[in-house]
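These are the residues of each chain, in order.
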Amino acid sequence: MRLIIAGSRSLTDYGLFTYCVQQTQFAAELQPSTCTILSGCARGIDRLAIKWAHEQGLSVERHPAKWLEHGKAAGFRRNEQMLLHANGLLAIWDGNSRGTEHCIESACKRGLPVEVFTVVLSANSSVIVRRFNF
C-alpha cells in the first residue's frame, strides 16, 4: 500500500492523529513490510504522519511543495504529484484547509479509496471527529 496521509496545518495534536490512524479503514494495511506513507511535509498532520511512520517502522516518501518554483500553485501541484504514486488517501481535515480539500477532491476524481476525518473544535473546546469514506 502507498498511502498519502495528509491534512490541515492547524491540527497538531499527536493523540488525535494516532486516534484517527487507529480508526482508519486502512489500519490493517499499515505494516512495515507492505506500506509506504507519502507525505507533503507541511506542518501539522503531514509532519505528524512522518513522525508516526518512523515510530512504526514504515517507509516514508517525502513530497515537499516547491514554493519558489511554482508559487501559490505549489501545494496543489505537490498533491497531484503524490496522487500519481498513491493508492489511497487518509485525510485529517479541519474543514477549512483548501489544500486538504483539493487533495480529497482530486483523489476521489481518480477513484482512489479516500477516508476523511473532519475535526471540529466545539464552543467548549471539545473535539468532534466525523468520519467519511469515499
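What comes next concerns the included structure. (Residues numbered from 1 in each chain as written. Predicted model: local features only at pLDDT ≥ 70, side-chain atom pairs only at ≥ 80, totals over all residues. Heavy atoms only, no water.)

Attention now goes to the packing of helix α4 (residues 74–84) against helix α5 (residues 98–109). Here α4 crosses α5 at 35°, and the two axes come no closer than 10 Å. As for how α4 packs across α5, the hand of that crossing is right-handed. Residues F76, N79, E80 and L83 of α4 touch α5, and the partners they reach there are R98, G99, H102, C103, S106 and A107. Class assignment for the residues of the contact of α4 with α5 results in 4 nonpolar, 4 polar and 2 charged. (Axes fitted to C-alpha atoms, helices over the stretch in contact; angles between N-to-C directions. Helix = DSSP H or I, 4+ residues; strand = E, 2+ residues; numbered from the N terminus. Left-handed = near helix turned anticlockwise from the far one by under 90°. Contact = heavy atoms within 4.5 Å. Nonpolar A, V, L, I, M, F, W, Y, C, P; charged D, E, K, R; others polar.)

One can find C35 in the loop between α1 (14–23) and β2 (36–39). Counting along the chain gives 32 residues from C35 to L3, while the straight-line C-alpha distance between them is 7.3 Å.

Here we come to the packing of aromatic side chains. Tallying each qualifying case throughout the model produces 2 aromatic pairs. Between Y14 and F17 the ring centres are 6.1 Å apart and the planes differ by 15°, which places this aromatic pair in the stacked class. Within this pair, Y14 and its partner F17 are both found in helix α1, separated by 3 residues, close to a single helical turn. Judged by its relative accessible area of 0%, F17 falls in the buried class. Pairing F17 with W52 gives two aromatic rings, centres 6.4 Å apart and planes at 65°, and the pair type is edge-to-face. Taken together, the residues F17 in helix α1 and W52 in helix α2 (residues 45–56) connect sequence positions 35 residues apart. (Phe/Tyr/Trp six-rings, centres within 6.5 Å; stacked < 30°, edge-to-face > 60°. Buried < 20%, exposed > 50% of the residue type's maximum accessible area, 1.4 Å probe, protein only.)

A few words now on α2. Compared with an ideal rise of 1.5 Å per residue, which puts 12 residues at 16 Å, α2 spans 16 Å between its outermost C-alpha atoms and is within 8% of the ideal. Of the positions making up α2, those classed as buried are I45, D46, L48, A49, I50, W52 and A53. Elements that come into contact with the buried residues of α2 comprise β1 (2–7), α1, β2, β3 (59–62) and β4 (88–93). Of the residues trailing α2, G57 is marked for its positive phi of about 80°. (Expected span 1.5 Å × (residues − 1).)

Strand pairing in a sheet relies on backbone hydrogen bonds. The paired strands run either parallel or antiparallel. Read from one edge to the other, the open sheet built from 6 strands follows the order β3-β2-β1-β4-β5-β6, with strand pairing classed as mixed. Each edge of the open sheet carries a strand with a single partner, namely β3 and β6 (127–133). Taking each pair of neighbouring strands and ignoring which way they run, the sheet shows an average axis angle of 20°. Pairing geometry for β1 and β4, over 5 bridges, is parallel. Pairing of I4 across the sheet is with L89, part of β4. (Pairing = 2+ DSSP bridges.)

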